[in-house]
Amino acid sequence: MTDHVTIVEVAPRDGLQAACGVVPTADKIALVRALAGAGLVEIEATSFVSPKAVPQLADAAEVLAAANAIPGIIPSVLVPNRKGVERALAAGARKLGLVMSATEGHNRANLNRSVEESFAELADIVAGLPAEGPALRWSFSCAFHCPFEGVVPRERVLALIERVVALRPGLTIGLADTTGNAAPSEVRALFGEAIARFGESARFAFHGHDTYNLGIANVTAAFEAGVRVIDAAAGGIGGCPFAPGASGNVATEDVVWLFRRLGVETGVVWPKLLEAADLAARLAGDGAASGHLRHVRAAREAA
């Protein structure tokens, strides 16, 4: 192996949040444990959002407590506002994923506020948290394309990144292709410029969806641009309920297979990952799963 990437597993949160029917808490915890058993270290376990808005995540405190008890993993939780941060910290969160959109249309649909309102609140949260912890990541949804506004201008995203970097150098900044509509050239160009301008002050992560079957191509483009943190969901489950038409995340098993073929280390145990991906697909409903490698006999035999 000639390189290394960190895969952030998002199936327990992003993958299950849009599942039909409420997934039992015990099943969510079983999925986190299965993913940890497959060697995934960074796992987005849940989100502290309004239980009224997203009933699927009403058990966030219970899921996080179970994830915190698993040795060797780094559970993270998504938090969109101050109330979510307060609830997460009270529940013992060690890593917070701050999130907002790069566009007005999606930010209002998802968070019911303007981009500037979200930025101001998240910036105030960062300023009030100690440098020694909890760990922080700041992510922008719809960094490439918005279901309400179309293609997002690159300079708009770069300007937002510049403001985040000024708040606290050293943060991980995630850029999401929420609708799965980005082309690999767009992913490569945005990350290439972001890393060239801010790579000394920030670490970058890519969060892709596979709506138009471009997920793996976009992961490859992000990697070629220098990104070494990749979000993925076992089974390719998920989708944003506030982004019409968006389907599942890029599948973890497809991403791991890609990097195996490229000679890039992920630390993932292949047969156990396939088992975890099967579980994720069952919990979300197999119709919601979009991964390919679970169904390839040769890939299973390669385990």
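Not measured: the values here are computed from a predicted model. (Residues numbered from 1 in each chain as written. Predicted model: local features only at pLDDT ≥ 70, side-chain atom pairs only at ≥ 80, totals over all residues. Heavy atoms only, no water.)

## Examining the nonpolar core
Here is step 1: Judged by nonpolar contacts, the single largest core of 100 residues is most densely connected at Ile161, Leu175 and Phe191.
Here is step 2: In terms of residue count, helix α11 (residues 270–284) provides more of this core than any other element does, 10 residues in total.
Here is step 3: Other than its neighbours up to four places away in sequence, Leu175 contacts Phe140, Ala143, Phe144, Val157, Ile161, Leu190, Phe191, Ala205, Phe206 and His207. (Core = buried A, V, L, I, M, F, W, Y, C linked by side-chain atoms within 4.5 Å. Buried < 20%, exposed > 50% of the residue type's maximum accessible area, 1.4 Å probe, protein only. Helix = DSSP H or I, 4+ residues; strand = E, 2+ residues; numbered from the N terminus. Contact = heavy atoms within 4.5 Å.)

## Comments concerning the sheet that holds strand β4 (residues 74–79)
Here is step 1: Ordered in space as β2-β3-β4-β5-β6-β9-β10-β11, the eight strands form a closed barrel in which the pairing is parallel. Across the sheet, the axes of successive neighbouring strands diverge by a mean angle of 25 degrees, strand direction being ignored. (Pairing = 2+ DSSP bridges. Axes fitted to C-alpha atoms, helices over the stretch in contact; angles between N-to-C directions.)

## Structural notes on the pattern of salt bridges
Between side chains of opposite charge, a pair can form as their charged atoms come close.
Here is step 1: Considering all chains together, one arrives at 17 salt bridges under this definition.
Here is step 2: Between Glu44 and Arg13 there is a salt bridge; the shortest N-O distance is 2.9 Å. In this pair, Glu44 sits in strand β3 (residues 42–47) while Arg13 sits in helix α1 (residues 11–15), placing the two residues 31 residues apart along the sequence. By the burial criterion, Glu44 is buried, and Arg13 matches it.
Here is step 3: Its salt-bridge partner being Arg197, residue Glu155 comes within 3.6 Å of it at the nearest N-O pair. Taken together, the residues span a long stretch of sequence, with Glu155 in helix α7 (residues 154–167) and Arg197 in helix α8 (residues 184–198) at a distance of 42 residues.
Here is step 4: One network of salt bridges, with partners in common, ties together Arg154, Glu155, Glu193 and Arg197. (Salt bridge = Lys/Arg side-chain N within 4 Å of Asp/Glu carboxyl O.)

## Overview of α11
Here is step 1: Between the first and last C-alpha of α11 there are 21 Å, a value that for 15 residues agrees with the 21 Å anticipated at 1.5 Å per step.
Here is step 2: Burial of α11 is extensive: 11 of the 15 residues sit out of reach of the surface.
Here is step 3: Residues Trp270, Leu273, Leu274, Ala276, Ala277, Asp278, Leu279, Ala280, Ala281, Leu283 and Ala284 constitute the buried set of α11.
Here is step 4: Among the residues trailing α11, Gly285 stands out with phi positive, at a value near 95 degrees. (Expected span 1.5 Å × (residues − 1).)

## What to know about the packing of helix α10 (residues 252–262) against α11
Here is step 1: Viewed as axis vectors pointing N to C, α10 and α11 meet at an angle of 160 degrees, and their least axial separation amounts to 10 Å. When the interaxial angle is binned, α10 and α11 end up roughly antiparallel. When you trace α10 past α11, the crossing you get is left-handed. Between α10, through Thr252, Glu253, Val256, Trp257 and Arg260, and α11, the contact on the second element is made entirely by Trp270, Leu273, Leu274 and Ala277.
Here is step 2: A per-class count over the contact of α10 with α11 returns six nonpolar, one polar and two charged. (Parallel < 35°, antiparallel > 145°, perpendicular 65-115°, else oblique. Left-handed = near helix turned anticlockwise from the far one by under 90°. Nonpolar A, V, L, I, M, F, W, Y, C, P; charged D, E, K, R; others polar.)

In short, shape yes, function no, at least from these values alone.
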